[in-house]
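Observations on the three-dimensional arrangement
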Amino acid sequence: MTAPRTSGPRRLRRSGASAVVLPLLLTAVAACGYGSDNDDEPSASNEETAGGEALSADEVSIGYFANITHATAVVGLQDGGLIREQLGGTEVNTQIFNAGPSAIEALNSGDLDLTFIGPNPAINGFAQSGGESLRVVSGAASGGASLVANPETVPSLDDLEGARIATPQLGNTQDVALLNYLAEEGYEVNAQDGSGDVEVYRIPNAEIPAAFDNGDIDGAWVPEPTAANLVSRGAETLLDEGELWENGQFVVTHVIASQDFLAEHEDVVEAVVRGVVHTNAWINENRDEAKEQFNAQLASLPGGSELPPEILDPAFDHVEFLNDPLAATLKTGAEHAVTAGLLDETDLTGIYDLSILNRVLAEEGLPEITDDAGLGVE
């Protein structure tokens with residue numbers, strides 16, 4: 001599961017501390033396929049209902065990111081989508097985020113009830129609230145993250161010394177994965193400012209392609225479709241993150257619910273989870289049509305446009321859509337964040353409540369998820 005450690009730390013190739021944050025780089029949203037060019041702010045809300053009677057809540061607010069690792073939400077929450085269908089007459093307000101911390105802030109402030117999100121923001125949100133803010137209620141996706149680089153400046157994994165590698169945000173899931181990999185390979189990097197044997201730059205996903213084109217970075221550890229986008233621009237894949245995990249699976253997106261909302265409106269959360277299960281099944285049975293629907297939805301978002309086939313096809317194929325939240329990989333990711341100095345030791349017991357998911361799976365005749373890594377509600 002972990003890469004072999006080298007004989008010792010390596011020296012910085014170039015003199016001078018690495019620049020940690022590049023100036024904001026203007027680029028078209030379509031370059032990365034994100035629906036908004038904001039960094040940390042949600043897009044405008046979308047309010048629709050599927051018709052029929054409302055559940056125990058008249059409305060529900062759901063967040064997600066406009067990228068392929070969140071395709072369950074993009075497809076399932078569209079007009080007529082299977083998640084909306086399960087919610088009946090309950091009004092659905094959707095908010096699109098570009099970064100996990102802003103989604104967590106919205107959840108904590110009561111502006112969101114549920115959100116699709118990566119593991120590390122969920123870990124941080126749970127830890128910072130003393131275990132009172134959220135529960136993971138379902139999986140959504142695995143995989144879809146890679147280290148890609150310019151073959152002229154970083155031709156192989158053995159050539160990372162002094163390289164400038166971007167991640168989407170300090171402490172996000174890919175940032176932690178990169179820092180952990182570099183530490184295991186013997187490189188010394190300051191987790192907070194990104195300086196060290198390898199220079200780690202924190203750049204929003206939508207701005208990474210321009211940074212690569214301009215030669216400001218040598219590569220990036222990023223999710224899809226950013227990884228495929230960079231490959232289409234001449235980068236090569238140095239490492240598929242799945243190679244570091246057992247069976248190639250690791251959580252990249254799961255569904256979290258506000259604990260308060262879950263306590264008051266369990267039927268609404270169950271409807272969302274059932275919609276996730278149905279949507280994942282439909283995507284897996286109809287990959288080509290799912291790609292088309294995802295792309296069409298992407299183009300309908302403010303500032304968005306469709307991804308070209310050379311980006312869409314490999315990016316979509318790189319993601320596995322599944323209901324299992326892969327709890328053991330979240331637990332390992334939390335340990336990596338602690339080792340990197342980005343997270344204090346914390347008790348994550350209670351971050352999972354898979355009772356609703358297992359009830360839905362049983363109704364669908366599917367195997368229940370029995371492994372919560374010992375982090376389920378007691």
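Here the structure is a predicted model, which is why all the values come from computation and not from measurement.

1. Section: the pattern of salt bridges
The tally for this structure, following the rule as stated, stands at nine salt bridges. Across the pair Arg274 and Glu363 runs a salt bridge, and its minimum N-O distance is 2.8 Å. Placement of Arg274 in helix H9 (residues 266–285) and of Glu363 in helix H13 (residues 355–363) is noted, with a sequence separation of 89 residues between them. Glu363 gets classed as partly exposed once you look at its relative accessible area, which sits at 49%.

2. Points about the sheet that holds strand E6 (residues 145–149)
In spatial order, the strands read E8-E7-E9-E6-E10; together these five strands make up an open sheet with mixed pairing. With partners counted over all chains shown, the strands left at the sheet margins are strand E8 (199–202) and strand E10 (236–240), one partner each. Shown here is a sheet whose adjacent strand axes are inclined to one another by a mean of 25°, direction ignored. In this structure, E6 lies alongside strand E9 (residues 219–223), joined through five bridges in antiparallel fashion. Counted as the bridge partner of Leu147 is Trp221 from E9.

3. Side note on the nonpolar core
Leu87, Phe116, Val269, Phe294 and Phe316 are the most contacted members of the largest nonpolar core, which totals 79 residues. Top element by residues in this core is H9. It accounts for eight residues. The contact partners of Val269, leaving out residues within four places of it in the chain, are Leu114, Val137, Ala257, Phe261, Leu262 and Ile356. Core analysis: the second largest hydrophobic core is formed by 22 residues, Leu147, Ala149, Leu182 and Ala191 among them.

4. Describing helix H12 (residues 327–340)
Along its 14 residues, H12 runs 20 Å from first to last C-alpha, staying within 8% of the 20 Å computed at 1.5 Å per residue. If you check which residues of H12 are buried, you get Ala327, Thr329, Leu330, Thr332, Gly333, Ala334, His336 and Ala337. Along its buried surface, H12 packs onto helix H4 (119–128), helix H5 (173–184) and strand E11 (251–258).

5. Digging into unusual backbone geometry
The residue after Glu224, namely Pro225, is reached through a cis peptide bond having omega 15°. Its location among the elements puts Pro225 in the loop between E9 and helix H7 (226–232). At Asn247, a position not held by glycine, the phi torsion is positive, near 60°. Within the fold, Asn247 resides in the loop between E10 and E11. The exposure class assigned to Asn247 is exposed, which follows from its relative accessible area of 68%. Located in the positive-phi region is Ala373, a residue other than glycine, with phi close to 60°. Its place among the elements puts Ala373 in the segment after H13.

6. Remarks on the packing of H9 against helix H10 (residues 287–300)
Two numbers describe how H9 lies on H10: the axes approach to 5 Å, and their chain directions differ by 115°. In terms of orientation, H9 lies roughly perpendicular with respect to H10. Note on element contacts: H10 touches H9 through Arg287, Glu289, Ala290 and Gln293, opposite Trp282, Ile283, Asn284 and Glu285. Of the residues assigned to the contact of H9 with H10, the class counts are three nonpolar, two polar and three charged.

7. With respect to helix H3 (residues 100–109)
Those residues of H3 that sit buried are Gly100, Ser102, Ala103, Ile104, Ala106 and Leu107. Against the buried residues of H3 lie strand E2 (59–65), strand E3 (91–97), strand E4 (114–117), H4, strand E5 (134–143) and E11. Looking one or two places after H3, you find Gly110, whose phi comes out positive at around 90°.

8. A few points about the environment of Gly215
Here Gly215 is to be found in the loop between helix H6 (208–213) and E9. Residue class for Gly215 comes out partly exposed when judged on its relative accessible area of 36%. In this structure, the C-alpha to C-alpha distance between Gly215 and Asn150, residues 65 residues apart in sequence, is 9.2 Å.

9. Quick notes on the side chain of Thr115
Mapped onto the elements, Thr115 comes out in strand E4. With a relative accessible area of 0%, Thr115 lands in the buried category. Side-chain polar atoms of Thr115 contact the backbone oxygen of Gly63, separated by 3.1 Å. When residues no more than four places from it in sequence are discounted, the contact partners of Thr115 are Gly63, Tyr64, Ala103, His254, Val255 and Ile256.

Reading guide: rules and limits
- Residues numbered from 1 in each chain as written.
- Predicted model: local features only at pLDDT ≥ 70, side-chain atom pairs only at ≥ 80, totals over all residues.
- Heavy atoms only, no water.
- Salt bridge = Lys/Arg side-chain N within 4 Å of Asp/Glu carboxyl O.
- Helix = DSSP H or I, 4+ residues; strand = E, 2+ residues; numbered from the N terminus.
- Buried < 20%, exposed > 50% of the residue type's maximum accessible area, 1.4 Å probe, protein only.
- Pairing = 2+ DSSP bridges.
- Axes fitted to C-alpha atoms, helices over the stretch in contact; angles between N-to-C directions.
- Core = buried A, V, L, I, M, F, W, Y, C linked by side-chain atoms within 4.5 Å.
- Contact = heavy atoms within 4.5 Å.
- Expected span 1.5 Å × (residues − 1).
- Parallel < 35°, antiparallel > 145°, perpendicular 65-115°, else oblique.
- Nonpolar A, V, L, I, M, F, W, Y, C, P; charged D, E, K, R; others polar.
- Polar contact = N/O pair within 3.5 Å; in protein donor to acceptor, adjacent residues only side chain to side chain.

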